[in-house]
Structure formats: C-alpha cells, structure tokens
Amino acid sequence: MPHIPLPEGLPGITGGFAFRPETAKPLRELAHVLLHSAGNTSFSARDRELIATFVSSRNTCYFCQTSHGAVAAHLSGNADLVEAVCRDYTTAPIPEKLKALLAIAAEVQVDGKRVTKELVDEARRHGATDTELHDTILIAAAFCMYNRYVDGLGTWQPRDAEMYRVMGQQMAEAGYCRPAPQPPHDGSGSEALPVRPAK
C-alpha cells in the first residue's frame, strides 16, 4: 500500500508523477533524453532501454523492469532477448559493445566508484564512444533513482502483462514527455486523493 495518498489507478511512477507534477516534468524530460532521443549517436533506443531494464532488474523494481522491458521488447521484437539480458548479459545474444556497457552499468548500480579504467577501456575497445559511456552511466544512475522512487513510495505495481505490453508500445513510439496525469483536487490539497491498494 502506498505510504502517502497517491491517485487511484495510476501504476508505479505515474502515481508519483501525478502527486507532484512539478517534479514529474524534469524526471520525464530526463527519461526522454536518455532513452528516446538518442540524438547524433549510434546508441539505439533499444540498447538504452535494455540498460534501464537491466539496472531495474538488479534493483528488483518490478514496475520499472517490466515497463521498460516491454519497451525494449517492442523495439527489438524479441521479449526473450530482454529476459536473456536480465538473466545473464554476458551470455545474451547481444553485441560485445553492449555487453561492455552493461558491465559498467552493473557497477554503477552497486556504487559508481566501482567503474574502473579497465571497464571503460574494454568498452572503448569494442567501439563505445564517450557519449555512449556517459549515457550508460547516467542511465544506470538515473534508474537507481527512479527505482527507489517507485519502490520507496510503495506504489501500486500491478501484475497485468497486457497493461505493460501496451505501456511499452506507447513509450517506445511516443517517448516520455507526455503530460503527467493530474490528481483530482477538492481544494484541500493532496491529502484527499484516493489510494489504490497494493496488489
């Protein structure tokens, strides 16, 4: 059950976004830049989403792992690939460069100081650019924050596979800058918001 009265029917991070739209806007924009707007780089949205999913799996954040896994599955057309990366990225059928970047993400998930020159050199040896290194580290760090935000609030995280599939398709196609859902207001502030029981 959520630790504060979050709007009913909004799963995971969307409940927190609706509760506090002022913080939702920059958090959505950061996710959009990191995951959807690759810019002038060969770092695909699929690979960025795989890193976000992998870090979320390491943090055991069900909502983030499942929703971003659904995005990666939509972009790759292969849900088995997403599962393989989360299970053991070293044996997953992905390029060596992505494996090297995931090795860096795995260390960031534990402690950023664990990223070594050797890990960075290995990623560079497989063709990783400075932008890809930067974004891998920031995706991993940001998803530690997103995961802890979702779980720390005790948000509602349904186990509806079809809901996540649809959510993943929408995020893959539209990105993350949709306006945050607005909570109902009765003039007395957020205390009056209904709470959706955890399931």
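See the structure printed just above.
Everything numeric here is computed off the predicted structure, so don't read it as measured data. (Residues numbered from 1 in each chain as written. Predicted model: local features only at pLDDT ≥ 70, side-chain atom pairs only at ≥ 80, totals over all residues. Heavy atoms only, no water.)

Regarding the overall build of the chain
Phase 1: Counting secondary structure elements, the chain contains nine helices and zero strands.
Phase 2: Helices and strands appear in the chain in the N-to-C order α-α-α-α-α-α-α-α-α.
Phase 3: Within the chain, the fraction of its 199 residues that count as buried is 46%.
Phase 4: Here the contacts in the chain between residues at least 6 apart in sequence split such that 73% fall between residues at least 24 apart. (Helix = DSSP H or I, 4+ residues; strand = E, 2+ residues; numbered from the N terminus. Buried < 20%, exposed > 50% of the residue type's maximum accessible area, 1.4 Å probe, protein only. Contact = heavy atoms within 4.5 Å.)

Brief notes about the nonpolar core
Phase 1: Counting residues in hydrophobic clusters, the biggest one holds 51 residues, and the most contacted among them are Ile51, Val55, Val85 and Leu102.
Phase 2: Element by element, the count of residues in this core is highest for helix α6 (residues 96-110), at nine residues.
Phase 3: Contact partners of Leu102, with chain neighbours within four places excluded, come to Leu50, Ile51, Phe54, Val85, Tyr89 and Ile94. (Core = buried A, V, L, I, M, F, W, Y, C linked by side-chain atoms within 4.5 Å.)

Some points on unusual backbone geometry
Phase 1: In this model, Thr60 sits at a positive phi of 50°, which is unusual for a non-glycine residue.
Phase 2: Mapped onto the elements, Thr60 comes out in the loop between α3 (45-58) and α4 (62-76).
Phase 3: Looking at Thr60, the relative accessible area reads 62%, which means it is exposed.

Describing the packing of aromatic side chains
Each aromatic ring pair is described using two quantities: the centre-to-centre distance and the angle formed by the ring planes.
Phase 1: Under the defined criterion, the tally for this structure stands at five aromatic pairs.
Phase 2: Aromatic pair Tyr62 and Tyr164: ring centres 5.8 Å apart, planes at 80°, arrangement edge-to-face. With Tyr62 in helix α4 and Tyr164 in helix α9 (residues 161-174), the pair connects residues that are 102 residues apart, well separated along the chain.
Phase 3: According to the relative accessible area criterion, Tyr62 is partly exposed, its value standing at 28%.
Phase 4: Within the aromatic cluster, the residues linked to one another by ring pairs are Tyr62, Phe63 and Tyr164.
Phase 5: Sitting above the plane of the Tyr62 ring, Arg159 keeps its charged end 3.7 Å from the centroid. (Phe/Tyr/Trp six-rings, centres within 6.5 Å; stacked < 30°, edge-to-face > 60°. Lys NZ or Arg CZ within 6 Å of the ring centre and 35° of its normal.)

Quick word on α9
Phase 1: With 14 residues, α9 should cover 20 Å at 1.5 Å per step; its first-to-last C-alpha distance of 20 Å lies within 8% of that length.
Phase 2: All of the buried residues along α9 are Tyr164, Met167, Gly168, Met171 and Ala172. Axial view of α9: buried residues confined to an arc of 130°, hence all on one face.
Phase 3: Buried positions along α9 lie against α2 (21-36) and α4.
Phase 4: Between a side-chain oxygen at the N-terminus of α9 and the backbone nitrogen of Glu162 the separation is 3.1 Å; the capping residue is Asp160. (Expected span 1.5 Å × (residues − 1). Arc of directions from axis to C-beta. Polar contact = N/O pair within 3.5 Å; in protein donor to acceptor, adjacent residues only side chain to side chain.)

Observations concerning α4
Phase 1: End to end, α4 covers 20 Å across 15 residues, agreeing with the expected 21 Å (1.5 Å per residue, within 8%).
Phase 2: Among all positions of α4, only Phe63, Cys64, Ser67, His68, Gly69, Ala70, Val71, Ala72 and Ala73 are buried.
Phase 3: Where α4 is buried, its residues contact α1 (13-19), α2, α3, α5 (79-88), α8 (130-152) and α9.
Phase 4: Gly77 sits one or two positions beyond α4 and adopts a positive phi of about 70°.

What is shown is where atoms sit, not what they do.
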